[in-house]
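Architecture and fold: a report
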Amino acid sequence: MPLFDVYPRFDVTPVRAKGAYVYDEKGQEYLDFYGGHGVISIGHTHPHYVKLLEQQLQLIGFYSNSVNMPLQEELAKKLAIQSGYADHQLFLCNSGAEANENALKLASFHTGKKKVIAFRKSFHGRTAATLNVTDNANISAPINLDNYPVVWADLNNEKAVTQALRTKDVAAVIVEGIQGVGGLDMPTVAFLQFLSKSCKENDALLILDEIQSGYGRSGKFFAHQYAGIQPDLITMAKGMGNGFPIGGVLIAPQIKAKAGMLGTTFGGNHLACAAGIAVLDVLASEKLIDNVMQMHQLLIDALQHIPAVRAIKGKGLMLGVQFDFPVQEMRSKLLYEHHVFTGAASDPTLLRILPPLGIDAAHIQTFIHALKNVLT
Ligand SMILES: Cc1ncc(COP(=O)(O)O)c(C=O)c1O
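Residues numbered from 1 in each chain as written. Predicted model: local features only at pLDDT ≥ 70, side-chain atom pairs only at ≥ 80, totals over all residues. Heavy atoms only, no water.

1. Examining the pattern of salt bridges
Scanning the model with the defined rule gives 10 salt bridges in all. For Asp281, the salt bridge is made with Lys78, and the minimal N-O distance between the two is 2.9 Å. In this pair, Asp281 is assigned in helix α8 (residues 270–285) and Lys78 in helix α3 (residues 70–83), connecting sequence segments 203 residues apart. Taking the relative accessible area as the measure of exposure, Lys78 reaches 25% and is therefore partly exposed. Among the ionic pairs, Lys197 bridges to Glu201, the shortest N-O distance being 3.3 Å. Here Lys197 pairs with Glu201, and both are found in helix α7 (residues 189–201), just four residues apart, close to one helical turn. Classification of Lys197 by relative accessible area gives exposed; the value is 53%. Salt bridges here are not isolated pairs; linked through shared partners, they connect Glu74, Lys78 and Asp281. (Salt bridge = Lys/Arg side-chain N within 4 Å of Asp/Glu carboxyl O. Helix = DSSP H or I, 4+ residues; strand = E, 2+ residues; numbered from the N terminus. Buried < 20%, exposed > 50% of the residue type's maximum accessible area, 1.4 Å probe, protein only.)

What follows is the structure, encoded as structure tokens:
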């Protein structure tokens, strides 16, 4: 049976991985500075992660949300401590798009309204409601277009948001903590504070999409925490499970749950919770968020000395390196000649790097050496 051919793929076949490295079927080692779209947070096959998943699989891998789930409560408790969101409620699902889909639904349930403000260059997922607020017409089918009203604004344009909120029919503003696919542009601290205040004044909810920028990647648990705000809804996925499919929504206390309001068969199952708990354990025990900032500084110091680098965008270990030429050929050379995985963005001149949060100075040296080599 042929696979439905939607993915442009590199000709690499990973068969095992460890820490910041991936190995192909011939035993060739690759340095992973992309983590499969920013998913690998605590490192590939981390021993604690493998142990908790193996132990859980021996006990019970799955039961649906029709029974008590103490593992979900354990995950929520650890998440409350590490994220600082002890009063928010947790809804567990399976992917980033599903987290945003549920957050948009909750905003509409709660406010009784259906207009949403979204930002240019956004990416929020490929399901119906999320595509409607994703700034890429090429991936929307006719059925996805205009299924609820959206007002588009430029990131950090307060005037456009104020104007859109004036009609009082806005259910939510949705914004990424740091834009990922769109090219590492960031809402400023002042803009996030403005959004938080304006949403409150206009009975709209603020949704912070931290699917890529969350779980420590920015140097704080969530990137929006640099602005000191508390959004009504925060969505998470990617690093949350270090590769095990799990997503979640943090929901402010004023949003009340009703039986049947949201639901999923697989969301928050035993194995997913074991993965989520293992990630939080390792983030804390290895102080990975502190490491993010140290490694960020080393990377910035090294990148700034490379003359071809035009700008460095992003925060922590969610970085975009700007060149004045398309980076596709450079990425291929990094992969095939130097065995380093990197990522791309919608801006063809931006190299995206999303390494595991536990990388060390030697990994950075290898990456910088490879980059310099390719550039010469
Ligand atoms: C910011 C952001 N939101 C949502 C998504 C969608 O997540 P998923 O692919 O898990 O549905 C992504 C995926 O790249 C993302 O980067």
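Now that the structure is up, let's keep going.
2. Observations concerning α7
One turn of the α-helix equals 3.6 residues, which is why residues spaced by three or four share an orientation. For α7, which comprises 13 residues, the first-to-last C-alpha distance of 19 Å matches the rise-based estimate of 18 Å (1.5 Å per residue) to within 8%. Buried within α7 are the following residues: Phe191, Leu192, Phe194, Leu195, Ser196, Ser198 and Cys199. Tucked into the core, α7 has its buried residues touching β5 (115–119), α6 (158–165), β7 (170–176) and β8 (205–209). Where α7 terminates, the next one or two residues include Asp203, which has phi positive at roughly 55°. (Expected span 1.5 Å × (residues − 1). Contact = heavy atoms within 4.5 Å.)

3. As for empty space enclosed by the protein
Within the structure shown, the criterion is met by one cavity of 30 Å³ or more. In this structure, the largest cavity occupies an estimated 30 Å³ of space. Lining the largest cavity are Gly38, Ser41, Gln212, Gly214, Tyr215, Arg217, Lys238, Gly239 and Leu357. When grouped by side-chain class, the residues that make up the lining of the largest cavity number two nonpolar, five polar and two charged. (1 Å grid on protein atoms, 1.4 Å probe; cavity = no way out; pocket = protein on both sides within 12 Å on 5 of 7 lines; lining within 4 Å. Points joined across faces, edges and corners; volume = space filled by probe spheres on them. Nonpolar A, V, L, I, M, F, W, Y, C, P; charged D, E, K, R; others polar.)

4. What to know about the site of the ligand
With respect to spatial proximity, the complete set of residues near the ligand consists of Ser95, Gly96, Ala97, Asn100, Phe123, His124, Gly125, Glu176, Asp209, Ile211, Gln212 and Lys238. Within the contact set of the ligand, an oxygen atom lies 2.8 Å away from a backbone nitrogen or oxygen of Ala97. In this structure, an oxygen atom belonging to the ligand sits 2.8 Å away from a side-chain N or O atom of Gln212. Protein burial of the ligand: of its 390 Å² of free accessible surface, 79% is covered by the chains. No other element matches helix α4 (residues 96–111), which puts three residues into the shell around the ligand. Here the residues of the shell around the ligand are counted per class, giving three nonpolar, six polar and three charged. (Near = heavy atom within 4 Å. Polar contact = N/O pair within 3.5 Å; in protein donor to acceptor, adjacent residues only side chain to side chain. Areas by Shrake-Rupley, 256 points an atom, 1.4 Å probe, with all protein chains shown as cover.)

5. Remarks on the packing of aromatic side chains
Applying the stated rule across the entire model yields 10 aromatic pairs. Taken together, a centroid distance of 5.6 Å and an interplanar angle of 50° make the contact between Tyr30 and Phe341 tilted. Residue Tyr30 is located in strand β3 (residues 29–32), and its partner Phe341 is located in strand β13 (residues 340–341); the two are separated by 311 residues in the primary sequence. Side by side, Tyr30 and Phe341 carry an identical accessibility label, which is buried. Grouped by ring-pair contacts, the aromatic residues Tyr85, Tyr215, Phe221 and Phe222 constitute a single cluster. In this structure, Arg16 is placed above the aromatic ring of Tyr23, and the distance from its NZ or CZ to the ring centre is 4.2 Å. (Phe/Tyr/Trp six-rings, centres within 6.5 Å; stacked < 30°, edge-to-face > 60°. Lys NZ or Arg CZ within 6 Å of the ring centre and 35° of its normal.)

6. Some details on the sheet that holds strand β15 (residues 350–353)
Taking strand neighbours across the sheet as the criterion, the four strands line up as β11-β12-β15-β14 in an open arrangement whose pairing is antiparallel. Edge positions in the open sheet fall to β11 (311–315) and β14 (343–344), since each of these has one partner strand only. Where β11 and strand β12 (residues 318–322) come together, five bridges link them in antiparallel fashion. Following the sheet pairing, Gly314 is matched in β12 by Leu319. (Pairing = 2+ DSSP bridges.)

7. Examining a nonpolar patch on the surface
Together, Leu59, Ile60, Phe62, Tyr63, Val67 and Phe266 give the surface a local cluster of nonpolar side chains, amounting to about 590 Å² of exposed area. Mapped onto the elements of the fold, Phe266 is located in the loop between β10 (247–251) and α8. (Patch = residues over 30% accessible without salt bridge, like charges linked within 9 Å, V, L, I, M, F, W, Y side chains within 5 Å.)

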